[in-house]
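Each chain, written out:
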Amino acid sequence: MASKPGILTDWPWTFLGNFKYLVLAPFVGHSIYTYFMSKDESQRDIIYIIILPLLLSRVIHNQIWISLSRYRTAKGNNRIVDKSIEFDQVDRESNWDDQIIFNGLIYYIGYLLLEQAHHMPLWRTDGIIIIALLHIGPVEFLYYWLHRALHHHFLYSRYHSHHHSSIVTEPITSVIHPFAEHISYFMLFAIPLLTVTLTGTASITAFGAYITYIDFMNNMGHCNFELIPKWIFSIFPPLKYLMYTPSYHSLHHTQFRTNYSLFMPMYDYFYDTLDKSSDTLYEKSLEREAELPNVVHLTHLTTPESIYHLRLGLASLASKPQSSKWYFWLMWPVTLWSIMITWIYGHTFVVERNLFKNLKLQTWAIPKYRIQYFMKWQRETINKLIEEAIMEADQKGIKVLSLGLLNQEEQLNNSGELYIRRNPQLKVKVVDGSSLAVAVVINSIPKGSSQVVLRGRLSKVAYSIALALCQGGIQVVTLDEEEYKRLKTKLTPEAATKLVLSKSYNVSKTWLVGDGLSEDEQLKAPKGTLFIPYSQFPPSKARKDCFYFSTPAMITPKHLENVDSCENWLPRRVMSAWRIAGILHALEGWKEHECGNMMFDIDKVWKASLDHGFCPLTLASAIESNN
């Protein structure tokens, strides 16, 4: 929102929320009916019906730029601005599709009002030339002066400051303006289109190409990584006056009073508003190499729909805890395509980057889904991918690599010990994060508790929790005789006195649960039971009269930068214990791997997390985020 919002700031359909696309429904329905149901051949016009595919292609075009930009800026090569993007920018830019809806309405109404827009040919050379000349002349010229006017304090405070709230730009930043600004921009861009329509020189190619050109240049100019090679300007030097670069427009967002031009810098040269550092920043950005992090967190895909929740996916979904949406079934072709790509693509990819004080962090993802980790025939492939990621981190001089989700599965690689045994010369420290996960679970148990129930598949974390609780005088109850025997073998004789086998489900209202907890067992728990997971994945919620805590996680300190997405199902600025463990390992300079049966001192790890600004996740905040 601008600092002093003016009239026509909000979009007319804002009150519709996620149903805003319904404003196009009457026109879409009418176009389909007219084309397929009309008995009069003259009424069947391909122009009218392809407006919707054009709008959809623009959405896809923008999304490709968003994903590409986030991937490239996470890697760091050719990145222009280093400052971070936070949740407030994601929220502010979440309505980037409003301008596509607005344009769609104008296209439909324009078609219905203008007889000349009907039955356009596929190609007309004269129309394409007219559009190009009108864009270079009136459009670029008028935009330059409109843009300068928008930087006058009166208009800037009421309108354009909303766009400039994003100092670090993303492709969709290009279309984040108040409604009134978009009206003025559309009037400019309509000059060439309306001219060729009224003169009878319009064509489908001309319309589609011009709209695509505007989207392409807008997205490129705000993508925050330099991609225009120097040789292009060497071959044709005048091109520097006819095409801007991402670094050129980035200076406008950091300096504000320079580089006003739309896509063609020539008017900045004419009116002496060119930023003198444009060429320097361009060359510096081109030469910038990929960033080498200090810590890498290795995760993987979860469900097929999780691609939309990745930072590289849909920004608005990535900024919220992972959940299934009703409209995902409409996107099944994209989902299926992504599944096929993950089967073909055999290498980890960078998901995001963060900065913790002076510590550079990256998240890498294995292109495998959760279900594949439970397929025996997939284990060798997955282990190979994990090992390749570890070896790559080692070769790059990365200090710590933490294993997230099922990448540390005991049945897969014995909590990472497999890789250490195969590569004893590793300098990178491999961390499974079990010690901090145990500490988080123990400190999530309500104060004053004297008894807890331990249910679910036993793991390294479960055994360590049982031992720590029994040694601390808290009674651990198990409901399965086989589990009781296995737990007892891991405990000292003194600690084993606090381990109890019970046939009753009403012994305690505090349950520590792992994978394999059935809905039937949840239904047998007392009313008001608090379920505290110790597994990487949360249990399914079968009870509305019980409370479900978060999987082991902590709230991150404010100095963790570039946080604009959620980690799986966790709320904003909350990080899993396994991921935090890798950060602590690097901050503290610990020299040991945390793999296999290796466990650090739980109190020491917990204290380190608090000392570095991580805060416990409260029950109230965990319940709120899960609702």
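About the criteria used
Residue positions are counted from 1 within each chain, in the order its sequence is given. A pLDDT threshold of at least 70 governs which residues receive local features in this predicted model, and a stricter bar of 80 or more applies before side-chain atom pairs are shown or counted, although totals over entire chains, interfaces and linings include all residues. Hydrogens and water molecules were not included; the side-chain quantities draw on all heavy atoms of the structure. UniProt positions are given in the numbering used here, feature names are shortened, and annotations may be inferred rather than shown by experiment. Only runs of H or I of at least four residues qualify as helices and only runs of E of at least two qualify as strands under DSSP, and these elements are numbered from the N terminus. For each residue, the accessible area found with a 1.4 Å probe, counting protein chains only, is set against the maximum for its type, and the residue is called buried under 20%, exposed over 50%, and partly exposed in between. By definition in these notes, contact holds between two residues if any of their heavy atoms fall within 4.5 Å. Computed with a 1.4 Å probe, the accessible areas rest on the Shrake-Rupley method; for each residue, only the protein chains presented here act as cover. In summary, the charge assignment counts Lys and Arg as positive and Asp and Glu as negative, without counting His or the chain termini. Taken as the charge location is NZ of Lys, CZ of Arg, CG of Asp or CD of Glu. Given a helix with a known number of residues, its expected span is that number minus one, times 1.5 Å. As annotated, the domain borders come from an automatic or database domain assignment. For any pair of parts, buried area is found by adding up, for both, the accessible area (1.4 Å probe) each one loses once the two are put together. When a carboxyl oxygen of Asp or Glu is within 4 Å of a side-chain nitrogen of Lys or Arg, the pair counts as a salt bridge. We define a polar contact as two N or O atoms separated by no more than 3.5 Å, with the added condition that, inside protein, one atom must be a possible hydrogen donor and the other a possible acceptor, whereas residues neighbouring each other in sequence contribute only through side-chain atom pairs. Polarity classes work like this: nonpolar for Ala, Val, Leu, Ile, Met, Phe, Trp, Tyr, Cys and Pro, charged for Asp, Glu, Lys and Arg, and polar for all others, with Gly in that last group.

The name recorded for the protein chain in an unreviewed UniProt entry is Protein eceriferum 1, from Nicotiana attenuata. Among the UniProt annotations of the protein chain, the heading Subcellular location (unreviewed entry) holds the following wording: "Membrane". Note on the protein chain: under the UniProt heading Sequence similarities (unreviewed entry), the record states "Belongs to the sterol desaturase family."

**Q** Before we move on, could you go through the overall build of the protein chain and cite the residues and values that matter?
**A** Within the protein chain, the secondary structure is distributed over 28 helices and 15 strands. Referenced to the eigenvectors of the C-alpha coordinate spread, the extents of the protein chain come out at roughly 95 × 60 × 50 Å. In the protein chain, which comprises 627 residues, the share counted as buried stands at 56%. Contacts in the protein chain between residues at least 24 apart in sequence constitute 71% of all its contacts with a sequence separation of at least 6. When the accessible surface of the protein chain is totalled, it reaches about 28,300 Å², and 62% of it is carbon and sulfur. Placing the 60 positive and 57 negative side-chain charges of the protein chain at their respective mean positions leaves the two points 4 Å apart.

**Q** Run through unusual backbone geometry, naming residues and quoting values.
**A** Although it is not a glycine, Asn78 sits at a positive phi angle of roughly 65°. Tracing the sequence through the fold places Asn78 in the loop between helix 3 (51-75) and helix 4 (87-92). Non-glycine residue Asn568 carries a positive phi angle of around 55°. Its relative accessible area of 17% is what places Asn568 among the buried residues.

**Q** I'd like a description of helix 3, backed by residues and values.
**A** Given a rise of 1.5 Å per residue, 25 residues ought to cover 36 Å, and the 37 Å separating the end C-alpha atoms of helix 3 matches this to within 8%. Gly76 lies just past helix 3 and shows a positive phi near 100°.

**Q** Pulling in residues and values, what's your account of the domain arrangement of the protein chain?
**A** Each domain of the protein chain was delimited in the assignment, giving domain 1 (14-224), domain 2 (295-435 + 571-625) and domain 3 (445-555). Between domain 2 and domain 3, the C-alpha centre-to-centre distance is 25 Å. Every contact between the two is made by 36 residues of domain 2 and, on the other side, 20 residues of domain 3. The largest contributions to the domain 2 side of the interface with domain 3 come from Glu410, Trp578 and Leu617, which together make up 24% of the buried area. Linking Glu409 and Arg457 is a salt bridge whose minimum nitrogen-to-oxygen distance equals 3.3 Å. Put simply, domain 2 and domain 3 have ten residue pairs in polar contact (both at pLDDT 80 or more) between them. Residue assignment for the side of domain 2 that touches domain 3 shows that the elements contributing at least two residues are strand 14 (574-576), helix 26 (577-588), helix 27 (602-611), strand 15 (615-616) and helix 28 (619-626). In terms of residue count, helix 27 provides more of the side of domain 2 that touches domain 3 than any other element does, four residues in total. When its residues are assigned to classes, the side of domain 2 that touches domain 3 shows 20 nonpolar, eleven polar and five charged.

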